[in-house]
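This is what each chain is made of:
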Amino acid sequence: MPKITAARVIVTSPGRNFVTLKIETSDGVHGVGDATLNGRELAVASYLTDHVIPCLIGRDAHQIEDIWQYLYKGAYWRRGPVTMAAIAAVDMALWDIKAKIAGLPLYQLLGGACRTGVMVYGHANGATIEETLENAAVYASQGYKAIRLQSGVPGLNGVYGVSKDKFFYEPADSHLPTESLWSTEKYLRSAPGLFEAARDKLGWDLHLLHDVHHRLTPIEAGRLGKDLEPYRPFWMEDAVPAENQASFRIIRQHTTTPLAVGEIFNSIWDCKQLIEEQLIDYIRATVVHAGGITHLRKIASFADLHHVRTGCHGATDLSPICMAAALHFDLSIPNFGVQEYMRHTEATDAVFPHAYSFADGMLHPGEAIGLGVDIDEAQAAKHPYKRAYLPIARREDGSMHDW
Ligand code: EZ4
Ligand code: CO
């Protein structure tokens, strides 16, 4: 059996912070896992180094499920983003090792390919509707079949999803949280116009998506969903903060716009009611933040029983290791919907050489064995950790809002 002989955490910041777990085995095969939790990176690094790695040494690397259960049940303190990102990193690395030993790309071990590739959506954005649609046209010309639209809101000084750089988007932008202004009224007045103009300019052959980023109440979300219905969005994402799963019943009563949620979920318990009651259409839980491939498969299988498809989170704060894992997973499950894809910078791609590639609006994980991604430690060492936070949002009266 391949015994786990060593494991260590590598923190690197090629423009943004990434936390990576590397596990070595007695077979000489190693595996990698992403453990990045944007804005709280070092908490996961410590959880792994100080608490998880000592328990891994000497274990059979092939016992993925048992190790998952050991780390989940064995901690006594369950769930939470720090714990589940740490477990996810171990899980990804062990799947990488198993597939390398089998001599297969990981998707083959997960049941084989169900599709020729993974449809991805890119992020078009701009300060104005015109600018956003110009940016969307660039994505369309690159072959994207699905595009997320986010536009500046008149009267607000910068909103979620609108970046200074049209090619790369990075919200964790400061050594202390930056503050932005929020007005639900102004936002609700402007968002439908973006989609009306988008259908005018881009036509009806593209899937158009939108991220509300947890900013509305259920009844406000119901209204926005209704206002967007004529333009047939692919989904409305994170319409409300989702701690209270029952609140999605209200949104559902008011609109047929498809609903997506779950990028910050870390276990099946965060979405059990949403799926069981068919309150959503797409579950966005992702490999790194929802306990790895092992746990995400459980979520996807449960979702499949309830007509819910997947739409995994794929922002730049998920490293290329997580992206590779997501692509193997996406390729292998029957109820895949769409995969978010924000391009990483060249510096990031140099730290994480990978086999996945983009063509004609689709990503494919490639045929390299394992996850098909690695960490170049010499490159990683060139980029030391730099503290960075996500922004916060305040309403016009100064009170805190959900960012
Ligand atoms: O704000 O990943 O759909 N994508 C998103 C992301 C999240 C960031 C937070 O770290 O909502 O841009
Ligand atoms: Co989102």
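Look up a bit, the structure's there.
Rules used in this analysis
Residues numbered from 1 in each chain as written. Chains lettered and ligands numbered in written order. Predicted model: local features only at pLDDT ≥ 70, side-chain atom pairs only at ≥ 80, totals over all residues. Heavy atoms only, no water. Pairing = 2+ DSSP bridges. Helix = DSSP H or I, 4+ residues; strand = E, 2+ residues; numbered from the N terminus. Phe/Tyr/Trp six-rings, centres within 6.5 Å; stacked < 30°, edge-to-face > 60°. Buried < 20%, exposed > 50% of the residue type's maximum accessible area, 1.4 Å probe, protein only. Salt bridge = Lys/Arg side-chain N within 4 Å of Asp/Glu carboxyl O. Near = heavy atom within 4 Å. Polar contact = N/O pair within 3.5 Å; in protein donor to acceptor, adjacent residues only side chain to side chain. Areas by Shrake-Rupley, 256 points an atom, 1.4 Å probe, with all protein chains shown as cover. Nonpolar A, V, L, I, M, F, W, Y, C, P; charged D, E, K, R; others polar.

Engineer: Describe in detail the sheet that holds strand β15 (residues 392-395), supporting the description with residues and values.
Structural biologist: The 3 strands are arranged β6-β15-β16 in an open sheet whose pairing can be described as mixed. Every other strand in the sheet has two partners, leaving β6 (179-182) and β16 (400-401) as the edge strands with one partner each. The sheet contact formed by β6 and β15 spans 4 bridges and is parallel. Its bridge partner being in β15, Ser180 is matched across the sheet by Ala393.

Engineer: Quick one: what's the story with the packing of aromatic side chains, residue by residue and with numbers?
Structural biologist: Scanning the model with the defined rule gives 13 aromatic pairs in all. Judged by centre distance (5.5 Å) and plane angle (85 degrees), the ring pair of Phe18 and Phe352 falls under edge-to-face. Pair noted here: Phe18 is in strand β2 (residues 18-25) and Phe352 is in the loop between α12 (346-351) and β13 (357-359), with a separation of 334 residues, a long-range link. For Phe18, a relative accessible area of 0% translates into the label buried. Between Phe234 and Trp235 the ring centres are 5.8 Å apart and the planes differ by 55 degrees, which places this aromatic pair in the tilted class. For Phe234, a relative accessible area of 11% translates into the label buried. Grouping aromatic residues by their ring pairs yields a cluster made of Tyr121, Phe234, Trp235 and Tyr282.

Engineer: How would you explain the pattern of salt bridges if you had to name every residue and give the values?
Structural biologist: One pass over the full model with this rule turns up 16 salt bridges. With a shortest N-O distance of 3.1 Å, Glu24 and Arg8 are connected by a salt bridge. Here Arg8 lies in strand β1 (residues 4-12) and Glu24 lies in strand β2, a separation of 16 residues in the sequence. Given a relative accessible area of 27%, Glu24 falls into the partly exposed group. Where salt bridges share partners, they join Arg8, Lys22, Glu24 and Glu377 into one cluster.

Engineer: I'd love a proper account of the site of ligand 1, names of residues and values included.
Structural biologist: Not every one of the 14 residues close to ligand 1 is listed here, only the nearest: Asn38, Tyr160, His213, Glu263 and Asp317. A distance of 2.7 Å is found between an oxygen atom of ligand 1 and a side-chain nitrogen or oxygen belonging to Tyr160. Notes on ligand 1: free accessible area 330 Å², of which the protein chains cover 95%. A class-by-class count of the residues in the shell around ligand 1 yields 4 nonpolar, 3 polar and 7 charged.

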